[in-house]
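Residue-level structure breakdown
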Amino acid sequence: MNGGLTVGERLVGGSPGEEINAFAAKIYPICRSITGDGVRKTLRAIRSHIDLDIHEVPTGTEVFDWVVPREWNVRAAYIRDQQGRKIVDFAESNLHVMSYSVPVHRWISLAELKQHVYTLPDQPDLTPYRTSYYADNWAFCMPHRLFESLDDERYEVVIDSDLSNGSLSYGEYLHKGETDEEFLLSAHICHPSLANDNCSGVALLTHLAKCMVGLRTRYSYRFLFAPGTIGAITWLARNEDHARRIKHGLVVSMVGDGGGPTYKKSRQGNAKIDRVIAHGLRHCGLKSTILDFSPYGYDERQYCSPGFDLPVGLFQRSQFGQIPEYHTSADNLDFIAADHLALSYRLIAEAIDVVENDRGYRNVVARCEPQLGRRGLYGAIGGDKGTAEANMAMLWVLNLSDGRHSLLDIAERADLPFSLIRRTAQILSDHGLLSVCDIEADGAR
Amino acid sequence: MNGGLTVGERLVGGSPGEEINAFAAKIYPICRSITGDGVRKTLRAIRSHIDLDIHEVPTGTEVFDWVVPREWNVRAAYIRDQQGRKIVDFAESNLHVMSYSVPVHRWISLAELKQHVYTLPDQPDLTPYRTSYYADNWAFCMPHRLFESLDDERYEVVIDSDLSNGSLSYGEYLHKGETDEEFLLSAHICHPSLANDNCSGVALLTHLAKCMVGLRTRYSYRFLFAPGTIGAITWLARNEDHARRIKHGLVVSMVGDGGGPTYKKSRQGNAKIDRVIAHGLRHCGLKSTILDFSPYGYDERQYCSPGFDLPVGLFQRSQFGQIPEYHTSADNLDFIAADHLALSYRLIAEAIDVVENDRGYRNVVARCEPQLGRRGLYGAIGGDKGTAEANMAMLWVLNLSDGRHSLLDIAERADLPFSLIRRTAQILSDHGLLSVCDIEADGAR
Amino acid sequence: MNGGLTVGERLVGGSPGEEINAFAAKIYPICRSITGDGVRKTLRAIRSHIDLDIHEVPTGTEVFDWVVPREWNVRAAYIRDQQGRKIVDFAESNLHVMSYSVPVHRWISLAELKQHVYTLPDQPDLTPYRTSYYADNWAFCMPHRLFESLDDERYEVVIDSDLSNGSLSYGEYLHKGETDEEFLLSAHICHPSLANDNCSGVALLTHLAKCMVGLRTRYSYRFLFAPGTIGAITWLARNEDHARRIKHGLVVSMVGDGGGPTYKKSRQGNAKIDRVIAHGLRHCGLKSTILDFSPYGYDERQYCSPGFDLPVGLFQRSQFGQIPEYHTSADNLDFIAADHLALSYRLIAEAIDVVENDRGYRNVVARCEPQLGRRGLYGAIGGDKGTAEANMAMLWVLNLSDGRHSLLDIAERADLPFSLIRRTAQILSDHGLLSVCDIEADGAR
């Protein structure tokens with residue numbers, strides 16, 4: 001069993017923050033969208049770490065109510081003034097061209113240009129991120145201050161892009177566990193140079209998958225790297241029956257900033273993953289936020305649609321849309337940090353540890369307390385967490401190990417960290433005071 | 001279907017506030033009690049608006065634990081001093097004589113008079129409202145300051161009243177809907193010249209019944225105008241089996257002042273009407289109050305007695321007994337206003353709209369979100385309420401239309417007004433994205 | 001029926017505070033531990049008041065996971081300095097010797113003495129209370145200031161104690177009621193001269209048992225005076241099948257100080273006793289505290305172990321461990337007072353009154369309110385509590401007496417004291433308006 005360590009303990013070794021940060025930085029410059037070579041390039045970068053299956057789904061494929069769109073690629077894009085100076089250039093930042101812009105090359109008036117430019121008047125030095133996937137259009141994005149400075153009569157606009165039949169790309173990696181029941185970990189891979197949203201999530205899950213190699217786990221772990229919305233829909237359409245195997249799931253996005261942590265519960269609201277993450281955040285030492293499910297957000301929208309209703313929540317640091325950097329050029333590599341990534345990673349690893357190790361025990365003595373003193377158990381665990389807490393953990397585990405409470409149930413009621421409860425149960429079990437048992441149906445709480 | 005409008009939309013047309021206010025003013029001067037000609041006169045005034053059935057129940061009729069009392073009528077009542085000046089006169093205000101006062105005509109000492117006078121020492125300029133239905137007695141009510149000024153040795157007291165066999169009168173009006181299931185709307189009609197309590201409620205329900213004429217409704221609507229306590233008991237005794245048809249109900253009293261709104265829940269506590277009114281108050285823009293059921297109040301006491309336990313709550317503006325004007329001469333026509341009556345009326349009409357239009361839909365796509373963009377649905381409703389709210393409404397309706405949530409369930413969970421949820425469901429239904437369905441039993445929440 | 005008074009009313013006669021206080025003072029000087037003559041002497045003192053059964057369980061008897069330990073007795077213990085002066089002396093306070101200290105008699109260095117002395121550096125004038133039941137050891141306890149003043153090179157330490165085969169002693173008294181269902185009242189009897197912990201509890205229960213003699217009760221009342229932990233375990237091991245008869249229970253400790261009251265709920269969390277005490281504390285006029293169950297505390301740990309899971313809570317004034325006097329020489333007779341003991345006693349007596357008198361009634365009229373006025377019932381109870389409250393009590397009892405609510409259910413929902421609800425039900429019953437009925441299963445709330 002994983003060299004005496006639990007799955008969670010094995011996962012948190014090394015310097016995950018630095019490694020995740022480095023990989024996020026590597027994929028940051030790539031121009032991604034919901035289709036195209038940028039997505040493929042990113043998937044290949046992930047494949048350099050894990051044995052990723054890359055799928056290509058042809059344009060025109062029907063996926064539930066949707067159709068896989070044409071593939072978009074862009075080679076160059078800029079605005080040039082009458083002196084031939086480039087005002088903005090895709091080569092400098094892929095945020096400058098609206099995603100899915102159709103090709104254009106002509107001279108237009110400043111007034112017409114204004115119809116094709118997005119800025120942020122309230123954040124005049126930042127370039128916004130904009131898309132137009134399903135309406136033929138083209139536009140540039142730039143700092144408001146820069147746009148305000150333009151005074152030429154006419155400008156040359158060039159977007160050298162393709163919108164043509166091709167395919168939608170996504171990657172998945174399956175870590176096989178002892179059972180076919182799955183834990184889904186999903187990150188959207190469609191945003192261009194936005195570091196937190198979502199190079200951070202892609203890099204975190206890549207590192208997690210890499211660390212899982214060789215680990216013996218109870219659940220199978222499915223890692224999905226797909227474009228937002230259409231990618232999740234495509235995967236669900238191609239894996240409709242399979243989706244029933246998903247017992248726990250997390251959408252992982254914006255995990256590199258110092259905010260939160262924030263967790264948005266699954267539609268079910270009291271799924272095990274909801275309880276597991278809430279428990280982890282309660283004991284993480286930061287001021288965390290738990291949000292009720294709402295049908296707006298990331299790909300949990302699709303996983304939690306009524307026809308699936310999967311137990312999938314959203315894990316983030318800052319809440320999407322609630323920070324000024326959101327969907328702007330300020331969401332750059334300076335906005336994410338190894339420390340924040342490391343904490344996000346640890347919280348997810350600990351959640352995995354809980355679902356892997358949650359089980360029921362039965363107090364063998366049951367009638368009255370066992371005599372802990374003669375077994376040398378009082379204070380047996382203490383030290384780091386304090387003897388009092390360790391003793392309370394023993395008393396709680398003994399009191400609630402009645403065939404109706406799992407370790408997570410006990411940790412919640414005792415308001416003590418799951419890891420302490422788990423270690424305590426192990427020690428009591430080693431002393432013959434607990435035996436493993438199934439938890440009675442409907443009696444989990 | 002009601003010319004394309006919902007029942008609630010049809011009900012709120014015109015200037016209900018002015019019309020209700022005018023009718024309240026018309027019936028204000030009448031001297032009502034639990035029986036007698038004042039009640040009949042009021043019922044005839046209502047019948048000039050709607051096709052009211054007026055019932056007469058003879059004195060002595062047994063109604064559950066009670067007996068219909070003798071009928072009380074009063075022609076004149078006054079106190080005269082030794083100079084022949086009238087100190088108080090029933091002709092000026094019917095509050096001056098205690099309701100159900102037995103006849104009297106004699107000269108008495110000031111000391112004895114004191115035993116037969118009610119005043120409000122803390123509100124010395126106001127006349128209180130007093131009754132003595134079930135104990136033979138007589139009394140006058142007057143301002144404390146006036147009573148304090150009396151210094152004659154003797155006074156002539158005259159109450160020219162009758163207490164004799166007759167009948168108890170009440171009126172009811174039934175608006176027939178598509179089903180026999182009923183929505184009860186009940187107002188007490190036994191208070192004399194008190195504008196808010198309850199000319200306001202009588203006038204509001206009269207207007208509502210009038211507006212309902214010609215409307216196609218799902219429920220039948222029973223309007224009951226009866227004296228408090230004995231009237232409700234009499235109706236229940238004569239309609240015991242019938243009462244089972246009542247699926248929703250409101251007692252309506254004190255709806256013309258600017259306080260509240262206040263809602264006291266039915267004994268059941270989570271009846272549909274309780275949820276409907278709570279939802280309406282949450283979105284009405286005023287600081288409203290929801291009270292748990294208690295067995296003290298108006299005729300909900302009888303409807304919610306354990307042998308009936310009907311889903312009937314109490315709708316008010318200010319809470320009874322909590323305002324200085326309550327049961328005094330200050331509850332006059334200046335205390336009520338068309339604007340307040342209009343808002344009260346609108347809240348009740350909206351509640352009717354909810355019970356009429358609450359139903360279940362099933363998301364036809366169900367698996368993942370439908371592609372709203374290609375149907376032009378994003379922002380389709382917006383404008384008044386804002387596009388963001390409109391989009392959220394669409395996402396919520398789609399997400400929760402799973403055969404287990406009605407529109408009210410969705411409105412509650414989304415924390416959005418029912419009317420927005422209902423309109424959204426209609427639009428989605430028009431686009432073939434929803435189909436009507438029954439809600440699974442016990443799964444409403 | 002107890003001379004027209006309820007059980008609770010009969011119990012609170014006389015001057016319970018003074019009598020309890022006097023008995024607590026009488027047993028305070030005795031040196032108790034978990035076994036030995038001090039326990040026997042205390043049990044004999046109790047037997048001078050009630051017909052106590054005293055049980056002796058031989059050393060070595062297996063009781064679940066435990067074994068009855070050797071018996072400990074101590075005749076003398078002191079530390080003498082080189083001048084022959086006694087530094088501390090067991091004869092002055094039995095707290096000076098650690099409970100279960102093995103015998104010792106030798107001269108030791110100050111440094112070695114330090115290994116065998118307990119003090120409280122933060123409370124330098126107080127002597128702590130320490131035990132070492134299950135590890136062979138010896139120690140003295142003394143004020144820190146006194147220990148700091150020691151400067152001799154060597155000291156003579158004498159503990160003239162026995163640890164030898166004998167027995168564990170406990171006492172029980174059963175008040176037989178009409179049924180075999182029991183109310184357990186348990187006090188630990190193993191602490192030496194600590195007045196609040198637990199001479200107060202022992203004395204309170206002794207008085208309660210004495211007052212119960214001759215009373216007709218519905219439940220049988222079992223009073224258990226046993227050493228903490230091992231005593232409760234021993235009793236449970238010898239009465240395993242019997243324990244199923246326990247329908248309500250309280251561990252009573254630290255009931256003589258002016259704090260709290262504090263109640264720690266049973267493991268079940270919503271047992272009747274939990275509701276009864278919570279109701280009593282809500283109406284006691286003091287700022288009380290209700291704690292959720294935790295597996296740390298007094299003998300409720302054993303009663304609430306998963307193999308028993310009895311409905312037994314812990315009743316205290318101040319919460320154990322939360323006051324500076326806890327387990328120190330400051331927990332002396334000055335720390336407890338007759339007034340506090342009287343209030344604690346009254347709260348327990350009232351709880352007994354609730355479990356004795358809680359029952360269901362059915363409103364005979366049921367359909368609408370009965371006419372209270374003609375029966376002279378309005379204001380019939382009033383006076384002390386106020387007429388309004390009395391009338392509300394009548395309306396609540398009538399409204400909720402539907403075969404699904406017991407008097408306690410009604411008292412909780414009406415937020416009125418049980419005693420008022422009970423008296424009201426009696427009056428309504430005397431007027432033929434209520435009939436006794438069984439409460440439907442699972443419908444109690």
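What counts as what
- Residues numbered from 1 in each chain as written.
- Chains lettered and ligands numbered in written order.
- Predicted model: local features only at pLDDT ≥ 70, side-chain atom pairs only at ≥ 80, totals over all residues.
- Heavy atoms only, no water.
- Contact = heavy atoms within 4.5 Å.
- Buried area = accessible area lost by both parts, 1.4 Å probe.
- Salt bridge = Lys/Arg side-chain N within 4 Å of Asp/Glu carboxyl O.
- Polar contact = N/O pair within 3.5 Å; in protein donor to acceptor, adjacent residues only side chain to side chain.
- Helix = DSSP H or I, 4+ residues; strand = E, 2+ residues; numbered from the N terminus.
- Buried < 20%, exposed > 50% of the residue type's maximum accessible area, 1.4 Å probe, protein only.
- Least-squares fit on C-alpha atoms with pLDDT ≥ 70 in both.
- Axes fitted to C-alpha atoms, helices over the stretch in contact; angles between N-to-C directions.
- Parallel < 35°, antiparallel > 145°, perpendicular 65-115°, else oblique.
- Left-handed = near helix turned anticlockwise from the far one by under 90°.
- Nonpolar A, V, L, I, M, F, W, Y, C, P; charged D, E, K, R; others polar.
- Pairing = 2+ DSSP bridges.
- Domains from an automatic or database assignment.

What follows deals with the interface of chain A and chain B. Facing the 20 residues of chain A at the interface are 21 residues of chain B. Taken together, the two surfaces of chain A and chain B that pack against each other cover about 1800 Å², and 51% of this comes from carbon and sulfur. Considering only the side of chain A, the residues that lose the most area to chain B are D65(A), R267(A) and P295(A), jointly responsible for 36% of the buried surface there. Counting the contacts that link chain A with chain B gives 5 salt bridges. Among the salt bridges present, the one from D402(B) reaches R267(A), with a minimum N-O distance of 2.8 Å. The tally of links between chain A and chain B comes to 14 residue pairs in polar contact (both at pLDDT 80 or more).

Residue and element names in this part refer to chain A. Counting through the fold element by element, S186 comes out in strand β11 (residues 182-188). Classification of S186 by relative accessible area gives buried; the value is 2%. If we skip the residues at most four places from it in the chain, S186 touches L205, L224, L250, V251, V252 and Y303.

Attention now goes to the relation of the copies chain A and chain B. Copy one and copy two of the chain differ by a rotation about an axis and a translation along that axis. Superposing chain A onto chain B takes a rotation of 120° combined with a translation of 0.1 Å along the rotation axis, leaving an RMSD of 0.1 Å. Both chain copies can therefore be described as sitting about a three-fold axis.

In this section: the packing of helix α11 (residues 387-400) of chain C against helix α13 (residues 418-430) of chain C. Residue and element names in this part refer to chain C. Put simply, α11 and α13 touch, their axes get as near as 9 Å, and they point 70° apart. Considered as vectors, α11 and α13 are oriented roughly perpendicular to each other. The interaxial crossing formed by α11 with α13 has right-handed handedness. The segment α11 lies against α13, with E389, A393, M394, V397 and L398 engaging L420, I421, T424, A425 and L428. Class assignment of the residues belonging to the contact of α11 with α13 gives a composition of 8 nonpolar, 1 polar and 1 charged.

In this section: the pairing of strand β18 (residues 402-406) of chain B. All names here are of chain B. Here β18 lies mainly inside the structure; 4 of its 5 residues are buried. The pairing of strand β17 (residues 360-363) with β18 spans 2 bridges and is antiparallel. Bridge pairing in β18 links G360 to S406.

All names here are of chain A. One can read the domain layout of chain A as domain 1 (7-68 + 167-357), domain 2 (72-164) and domain 3 (360-437). With centres defined by C-alpha atoms, the gap from domain 1 to domain 3 works out at 34 Å. On the side of domain 3, 10 residues touch domain 1, which itself brings 10 residues to the contact. Summed over both partners, the interface of domain 1 with domain 3 comes to about 920 Å²; 52% of that surface belongs to carbon and sulfur atoms. Counting across the interface, domain 1 meets domain 3 through 5 salt bridges. In this structure, the salt-bridge partner of R422 is E9, at a minimum N-O distance of 3.3 Å. There are 6 residue pairs in polar contact (both at pLDDT 80 or more) connecting domain 1 and domain 3. Where the side of domain 1 that touches domain 3 is concerned, the elements lending two or more residues are α8 (272-282) and α10 (338-357). Ranked by residue count, the leading element in the side of domain 1 that touches domain 3 is α8, at 5 residues.

Turning our eyes to something else, we now look at unusual backbone geometry. D197(C) connects to N198(C) through a cis peptide bond whose omega is 25°. Relative to the helices and strands, N198(C) is located in helix α6 (residues 195-212). The residue after G260(C), namely P261(C), is reached through a cis peptide bond having omega 5°. Examined against the element boundaries, P261(C) turns out to sit in the loop between β13 (246-252) and β14 (262-264). Even without being a glycine, C368(A) presents a positive backbone phi close to 70°. In this fold, C368(A) is placed in the loop between β17 (360-363) and α11 (387-400). Taking the relative accessible area as the measure of exposure, C368(A) reaches 1% and is therefore buried.

Let us now look at the sheet that holds strand β19 (residues 434-437) of chain A. Residue and element names in this part refer to chain A. Taken in spatial order, the 3 strands line up as β18-β17-β19 in an open sheet, and their pairing is antiparallel. The sheet terminates laterally at β18 (402-406) and β19, the two strands that pair on one side only. Mean inter-strand twist for the sheet, computed between neighbouring axes without regard to direction, equals 40°. Relative to β18, helix α12 (residues 407-414) is tilted by about 70°, and along the sheet it contacts β17 and β18.

To continue, consider the environment of M212(A). All names here are of chain A. The topology assignment puts M212 in helix α6 (residues 195-212). Along the sequence, M212 and R10 sit 202 residues apart, while their C-alpha atoms lie 8.4 Å from each other. Not counting chain neighbours up to four residues away, the residues in contact with M212 comprise L11, H175, Y221, F223 and I352.

The next thing to look at is the sheet that holds β11(A). Within a sheet, each strand pairs with its neighbour through backbone hydrogen bonds, oriented either parallel or antiparallel. Residue and element names in this part refer to chain A. Spatial strand order, β1-β10-β12-β11-β13-β16-β14-β15: 8 strands in an open sheet with mixed pairing. Whereas interior strands pair on both sides, the edge strands pair on one side only; in this sheet they are β1 (53-58) and β15 (289-291). In this sheet, neighbouring strand axes are inclined to one another by 20° on average, regardless of whether the strands run parallel or antiparallel. Bridge count between β11 and strand β13 (residues 246-252): 5 bridges; the pairing is parallel. Within β13, the position partnered with E182 by the bridge is I246. Its contacts with the sheet place helix α3 (residues 37-47) against β1, β10 (167-175) and β12 (220-226), and it is angled at close to 15° to β10.

Moving on, we come to the interface of chain C and chain B. Of the residues lining the interface, 21 residues belong to chain C; the matching set on chain B comes to 20 residues. Together chain C and chain B conceal approximately 1800 Å² of surface at their shared face, both sides included; 52% is due to carbon and sulfur atoms. Taken together, chain C and chain B are joined by 5 salt bridges. A salt bridge links E369(C) to R301(B), with the nearest nitrogen and oxygen atoms 2.6 Å apart. Inspection of the region where chain C meets chain B yields 14 residue pairs in polar contact (both at pLDDT 80 or more). Among the elements that take part in the side of chain C that touches chain B, α11(C) stands out by supplying 6 residues, more than any other. Taken together, the residues of the side of chain C that touches chain B sort by class into 10 nonpolar, 4 polar and 7 charged.

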